[in-house]
Amino acid sequence: MSDLKLHNTLSKSKEGFVALDPAHVRIYVCGPTVYDRAHIGNARPVIVFDVLVRLLRRLYPRVTYVRNITDVDDKINAKAKASGRPIAEITAETTKLFHEDMALLGALPPDIEPRATAHIAQMIAMIQSLIEQGHAYEAEGHVLFHVASMADYGKLSGRSRDEMIAGARVEVAPYKKDAADFVLWKPSTDDLPGWDSPWGRGRPGWHIECSAMSREYLGESFDIHGGGQDLIFPHHENEIAQSECCNHAPFARFWLHNGFLKVGGEKMSKSIGNILSVHQLLGEAPGEAIRFAVLSAHYRQPLDWTDEGLKAAKSALDRLYRALETAPKARAAANVPETVLAALMDDLNTPLAISHLHEVASALNKASDQSEKDRLAGELLAAGALMGLLQNDPKGWLQGAGNEGVSEIEALIEQRIAAKKAKDFALADRIRDDLKAKGILLEDGPGGTSWRKL
Ligand code: AMP
Ligand code: ZN
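This section reports on the structure supplied with the text. (Residues numbered from 1 in each chain as written. Chains lettered and ligands numbered in written order. Predicted model: local features only at pLDDT ≥ 70, side-chain atom pairs only at ≥ 80, totals over all residues. Heavy atoms only, no water.)

Digging into the coordination of the zinc ion (ligand 2)
What counts here: Distances define the donors: N, O and S atoms within 2.8 Å of the metal qualify, as do those within 3.2 Å of Na, K or Ca. Water is excluded, so some sites may look unfinished. The rule is simple: four donors are tetrahedral if all their angles sit between 85 and 135 degrees, four are square planar and six octahedral if opposite donors span more than 155 degrees and the others lie between 65 and 115, and anything that fits none of that is irregular. Note on conventions: DSSP H or I runs of at least 4 residues are helices, E runs of at least 2 residues are strands, and numbering of each starts at the N terminus. Burial classification: accessible surface area is computed with a 1.4 Å probe over protein chains only, and a residue below 20% of its type maximum counts as buried, one above 50% as exposed, and the rest as partly exposed.
Within the first shell, the zinc ion (ligand 2) binds the protein through Cys30 (SG), Cys210 (SG), His235 (NE2) and Glu239 (OE), at distances of 2.1 to 2.6 Å. Geometry at the zinc ion (ligand 2) is irregular, judged from its four donor atoms and the angles of 73 to 130° they form at the metal. One chain supplies every donor to the zinc ion (ligand 2), and in sequence these donors are spaced C-x179-C-x24-H-x3-E. With Cys30 in the loop between β3 (25-29) and α1 (40-59) and His235 in helix α7 (residues 232-247), this pair connects stretches of sequence that are 205 residues apart. The residues Cys30 and His235 share a single accessibility class, namely buried.

Focus: the packing of aromatic side chains
Which entries qualify depends on this criterion: Think of it this way: a Phe, Tyr or Trp ring, Trp meaning its six-membered ring, pairs with another when their centres are within 6.5 Å, and the plane angle makes it stacked under 30 degrees, edge-to-face over 60, tilted otherwise. In our convention, an over-ring charge means Lys NZ or Arg CZ found within 6 Å of a ring centre and within 35 degrees of that ring's normal.
Summed over the entire model, instances satisfying the criterion amount to eight aromatic pairs. Ring geometry for Phe145 versus Phe182: centroids 5.0 Å apart, planes at 15°, classification stacked. Here Phe145, found in strand β6 (residues 142-145), pairs with Phe182, found in strand β7 (residues 182-187); they are 37 residues apart in sequence, far enough to count as distant. On the accessibility criterion, Phe145 (0% relative accessible area) is buried. Three or more aromatic residues joined by ring pairs form one cluster here, namely Tyr28, Phe222, Phe251 and Trp255. In this structure, Lys177 is placed above the aromatic ring of Tyr137, and the distance from its NZ or CZ to the ring centre is 4.4 Å.

Considerations on the pairing of strand β5 (residues 136-139)
Remark: a regular strand shows side chains that alternate across the two faces of the sheet. Inclusion rule: A pair of strands counts as paired when DSSP detects no fewer than two bridges linking them.
In terms of strand pairing, β5 meets β6 through four bridges, oriented antiparallel. When the bridges of β6 are listed, Ala136 appears paired with Phe145. In this structure, the hairpin formed by β5 and β6 is closed by a connection of two residues, where Glu140 is found at a positive phi of approximately 50°.

Overview of the packing of α1 against helix α9 (residues 287-295)
Let me state the cut-off plainly: Axes here refer to lines fitted to C-alpha atoms; in helices the fit is confined to the stretch in contact. Angles between the N-to-C directions go from 0 to 180 degrees. What sets the label is the angle itself: under 35 degrees gives roughly parallel, over 145 gives roughly antiparallel, 65 to 115 gives roughly perpendicular, and the rest give oblique. When checking whether two residues touch, look at their non-hydrogen atoms; a contact exists if any pair is within 4.5 Å. Residue polarity is assigned by list, with Asp, Glu, Lys and Arg as charged and Ala, Val, Leu, Ile, Met, Phe, Trp, Tyr, Cys and Pro as nonpolar; anything else, Gly included, falls into the polar class.
Between α1 and α9, the shortest axis-to-axis distance is 10 Å and the interhelical angle comes to 80°. By the criterion of interaxial angle, the relationship of α1 to α9 is roughly perpendicular. The segment α1 lies against α9, with Ile40, Arg44, Ile47, Asp50, Val51 and Arg54 engaging Ile290, Arg291, Val294 and Leu295. Classifying every residue of the contact of α1 with α9 gives six nonpolar, no polar and four charged.

Details of the site of ligand 1
Using the following cut-off: Any residue with at least one heavy atom within 4 Å of a molecule or strand is counted as near it. Polar contact is defined as a pair of N or O atoms within 3.5 Å, subject to the rule that within protein one atom must be able to donate a hydrogen and the other to accept it, and that residues adjacent in sequence are counted only when both atoms are side-chain atoms. For the area figures, the Shrake-Rupley method with a 1.4 Å probe applies, and any residue is considered shielded solely by the protein chains shown.
Around ligand 1 sit 16 residues, and of these Gly41, Gly228, Asp230, Leu261 and Met268 come closest. Thr33 places a polar main-chain atom, nitrogen or oxygen, 3.2 Å from an oxygen atom of ligand 1. Separating a nitrogen atom of ligand 1 from a backbone N or O atom of Gly41 is a distance of 3.1 Å. Protein coverage of the free-state accessible area of ligand 1, which is 490 Å², stands at 88%. Secondary structure elements with two or more residues in the shell around ligand 1: α1 and β9 (222-228). Looking at the shell around ligand 1 element by element, the count peaks at three residues for α1. When grouped by side-chain class, the residues that make up the shell around ligand 1 number six nonpolar, eight polar and two charged.

Comments concerning the state of the cysteines
We apply this condition: The disulfide criterion is simple: two cysteine sulfur atoms within 2.5 Å.
All chains considered together, the criterion is met by zero disulfides. Free cysteine: Cys245, not disulfide-bonded; nearest cysteine sulfur from Cys246 at 8.8 Å. Given a relative accessible area of 6%, Cys245 falls into the buried group.

Focus on the packing of helix α4 (residues 120-132) against α7
For the record, the criterion: Less than a right angle of anticlockwise turn of the near helix away from the far helix marks a crossing as left-handed, whereas a clockwise turn marks it as right-handed.
Interaxial distance between α4 and α7 falls to 9 Å at its minimum, and their mutual angle equals 65°. The pairing of α4 with α7 is recorded here as roughly perpendicular in orientation. With respect to the hand of their crossing, α4 and α7 are arranged in left-handed fashion. In contact with Met126, Ser129 and Leu130 of α4, α7 contributes Gln242, Ser243, Cys245, Cys246 and Asn247. Its residues assigned to classes, the contact of α4 with α7 comprises four nonpolar, four polar and no charged.

Looking at the sheet that holds strand β11 (residues 261-263)
Strand order in the open sheet formed by three strands is β12-β11-β13, and the pairing between neighbours is mixed. Whereas interior strands pair on both sides, the edge strands pair on one side only; in this sheet they are β12 (266-267) and β13 (303-304). In this structure, β11 lies alongside β12, joined through two bridges in antiparallel fashion. Looking across to β12, one finds that Val263 is bridged to Glu266.

Regarding the environment of Leu295
By secondary structure assignment, the location of Leu295 is in helix α9. Sequence separation between Leu295 and Glu15 is 280 residues, and the spatial gap between their C-alpha atoms is 22 Å. With residues up to four places along the chain from it excluded, the contact list for Leu295 reads Ile47, Val51, Thr350, Pro351, Ile354 and Met387.

Considering the pairing of β9
Among the seven residues of β9, seven are classified as buried, and the element is accordingly described as predominantly covered. Across three bridges, β3 lies against β9 in parallel orientation. Bridge pairing in β9 places Tyr28 opposite His225. Pairing analysis gives six bridges linking β9 to strand β10 (residues 252-258), with the strands arranged parallel.

Here it is, written out as structure tokens:
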């Protein structure tokens, strides 16, 4: 057992983390619904769970991190209808943009990123099993999970039955046996995406994909399931119901939920319309500063997003890079400073870990002996790597290369397109090569030019 402690929504307390199989830790995080660019609230779970996975990788020999892509959803259907574009085009493009944005925030890709539409057969098999076992029923082309069939339904959110019905915010359809029952499968009209099933042509409800895909890649029982707090009910409650009733095995052992990112005290959300896209913010600040600002608050606490907060994050990073600049030959140490590690092991206390980064930087600034400076810089680099921070070249960062915002990159891509049109291939190649030297790779494809960090 490691000394890692995590707050478990299931027990509402901080528990010592015990891996089900210490040789292989398994974690599942609910990923984006791909119909629009990610906002900074959507990026919060990506960054938080990226730090957790980095920490787990340090503690255990093997970690499998699964984060899904929800590419079948009524919001996607609505967007396709409104824009006249094919669904597959919208989901593929949004997924690609999501990958670009998250990479610029320093988030490592998950080991497996399953798409819902590639796992319909697994969902149908699970729904069939739930019907056979008396936990679900068919009604007018729908299949519904019968909540009353599960004795401990509600154990994650701890809501009363009435609160659950109100919280689910779905109309009480006449074919439901009980108002709390939720949809596993629903019929599709010809203009909507649909798959053949024992209940006719249709599409899955929202929750079943995560039960089916986590079982496929992590097994019936696994260690950690994560997502934002808004997913506790109904999404995660219903995932537990589906998986435990189908598999007769405990589902995820630990449930972790990040708090909301807010603007002016209100949750950032597309429906409220107060969103700041990651793409937009990347035009204003380096991805690392955005990441730092997100990690400045404890993941379970609400985080109020402000311009000042982002500026403060950038100057805090400047200070840390200035300290690193005084030891340019330093390489990351094998060990992370005990203080930083202890803070992260205590339910991922990133604000405390950051304050310890500053302490190491202060000691580094004060040290007069170069070998002592190198040692402290090595510690700072190792701690930074664990948090996905401080891996830029300090000199380049302080000269502003870390500021290479998306808008500048895109302006250069536009210049290159114009150069090609004017048959100035030398200029076009030079722009591509200059960007490559800065770690930005351009890729020309049928849909135009895209770019990614090398
Ligand atoms: P969605 O694409 O809406 O399904 O959300 C993807 C992830 O972002 C989920 O884990 C949500 O809980 C999370 N999320 C959405 N809005 C916020 C927010 N304002 N603050 C923190 N997490 C959020
Ligand atoms: Zn999910």
